[in-house]
Amino acid sequence: MHNQDVYDLTIIGGGPAGLYAAFYAGMREMKVKLIEGKDELGGFLLTYVDKTIWDVGGLPPMRCAKLIEHLVDQAGTFEPKVVLKQTVDTFNHLHDGVIALHTDTGDSHYTRTVIVAIGRGVAEVQKLDIHSAQDYERSNLHYTIQNLDYFAGKKVLISGGGNSAVDWALELAEQACSVTLVHRQDSFRAMEHNVSQMKKKVDVRTPCYIERFYGNGQRIHQVGITDSATGETIRLDVDEVIVSHGYTSHVSNLARCGLDMQEGMLVMNQLAETSVPGIFTAGDCATREGKVRLIAGAFNDAIVAVNSAKRFLEPNAAGMAYVSSHNELFREKNRAL
Ligand SMILES: Cc1cc2nc3c(=O)[nH]c(=O)nc-3n(C[C@H](O)[C@H](O)[C@H](O)COP(=O)(O)OP(=O)(O)OC[C@H]3O[C@@H](n4cnc5c(N)ncnc54)[C@H](O)[C@@H]3O)c2cc1C
């Protein structure tokens, strides 16, 4: 290990908490690395790119994809080192207070402090486990929606009973030729108001599930839908099939490295400290009284965690960064704007 390779701060997780921490740590002039398990930044937001976000302070309502773009741009302001496609599994302390982080690719990263911002873990979409489903993933079987307009004028079948399935059904009801939604149970895990709206606008079939696809190996033409109460199967003509069965999360082994956990989350105090010195936490993976599990809450945690990390390294450092309106670091950048 060369001294050059030791970072002041390494952030694990490239969701809103990790991205904002990368920006704020730049304001504190720290040498920063961010490690993300997936091949792109954005965190859980990547699972609802087409939704509109209203509740981030000071921002006009915008598509989540746009918000991700802004977050990633802002995170890059001070040019942190970004490592993608590596999941941090374990860590251990070396000499001189250096912490070694070890990833699933066999790589190690060296740092003096860490912010764990792993949210709900590395989320993988829950795929449909039926014959030939994989064949259609490149054509008309979708696990997420990037562009609602693509479905305009088409016969759409949606499977799922959570908020995303219901929201998509409602949105597509406005522009698709027809929308049928199937769900294994009669009850939904979604907002009541949206469910009752959906029942007015969409052909809802419960308790039903997708039994099989009929297609030519290139595209699905019909879907076999089975009623689990009667066992009867019918065939529906479709242009597009959307499956929204949620996500499985691979929560990291980090918890097994001596970090105190509560109900699967990392215990943090008011200073975003975990039970291990030098390791801080931010965002949805953390818990404390009054914790806010929203994007805005992740930003606040990130600031507190970065300030604590800074003072861990330099006990006499200021409690927080100079506000951006007075901060010398932005003098040149302000001229450019
Ligand atoms: C359907 C839905 C809609 C929502 N809508 C809103 C909304 O309108 N407004 C709002 O404020 N909030 C909303 N939220 C909540 C918001 O998404 C979360 O609060 C936010 O994503 C938390 O950010 P985070 O950075 O803590 O975690 P995440 O966004 O989960 O990001 C964590 C990142 O860490 C990575 N990671 C995990 N483990 C490792 C590891 N071991 N090594 C490396 N990388 C790792 C993951 O791949 C991921 O990229 C919504 C949530 C859902 C599910």
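Residues numbered from 1 in each chain as written. Predicted model: local features only at pLDDT ≥ 70, side-chain atom pairs only at ≥ 80, totals over all residues. Heavy atoms only, no water.

With that settled, the discussion passes to the site of the ligand. Around the ligand sit 31 residues, and of these Glu-36, Phe-44, Tyr-48, Asp-55 and Asp-284 come closest. In this structure, an oxygen atom belonging to the ligand sits 2.8 Å away from a main-chain N or O atom of Asp-284. The backbone of Ile-295 places a nitrogen or oxygen atom 2.9 Å from an oxygen atom of the ligand. (Near = heavy atom within 4 Å. Polar contact = N/O pair within 3.5 Å; in protein donor to acceptor, adjacent residues only side chain to side chain.)

Here we take up the pairing of strand S7 (residues 99–103). Most of S7 sits inside the fold, with 4 of its 5 residues counted as buried. As paired strands, strand S6 (residues 88–93) and S7 are joined by 5 bridges and run antiparallel to one another. When the bridges of S7 are listed, Thr-90 appears paired with His-102. Turn length for the S6-S7 hairpin, with the two strands adjacent in sequence and antiparallel, is 5 residues, and the turn residue Asp-96 shows positive phi of about 55°. (Buried < 20%, exposed > 50% of the residue type's maximum accessible area, 1.4 Å probe, protein only. Helix = DSSP H or I, 4+ residues; strand = E, 2+ residues; numbered from the N terminus. Pairing = 2+ DSSP bridges.)

Given 3.6 residues to a turn, an α-helix orients residues that are three or four positions apart in the same direction. Along helix H3 (residues 163–173), the residues that are buried comprise Ala-165, Val-166, Asp-167, Trp-168, Ala-169, Leu-170 and Leu-172. Along its buried surface, H3 packs onto strand S11 (155–159), strand S12 (178–182), helix H4 (192–201) and strand S17 (240–243). (Contact = heavy atoms within 4.5 Å.)

Right, let's get into the pattern of salt bridges. Scanning all chains against the criterion turns up 13 salt bridges. Ionic pairing is found between Lys-127 and Glu-137, a salt bridge with its closest N-O pair at 3.0 Å. With Lys-127 in the loop between strand S9 (122–125) and strand S10 (141–142) and Glu-137 in the loop between S9 and S10, the pair connects residues that are 10 residues apart, well separated along the chain. Salt bridges sharing partners connect three or more residues here, namely Lys-154, Arg-219 and Glu-240. (Salt bridge = Lys/Arg side-chain N within 4 Å of Asp/Glu carboxyl O.)

Moving on to helix H2 (residues 64–75). Its 12 residues place the ends of H2 16 Å apart at the C-alpha level, agreeing with the 16 Å of an ideal helix rising 1.5 Å per residue. When we look at burial in H2, the residues that qualify are Cys-64, Leu-67, Ile-68, Leu-71 and Ala-75. For H2, the angular spread of the buried residues around the axis is 105°, confining them to a single face. Contacts from the buried residues of H2 go to helix H1 (16–27), strand S3 (52–53), strand S4 (62–63) and helix H5 (295–313). (Expected span 1.5 Å × (residues − 1). Arc of directions from axis to C-beta.)

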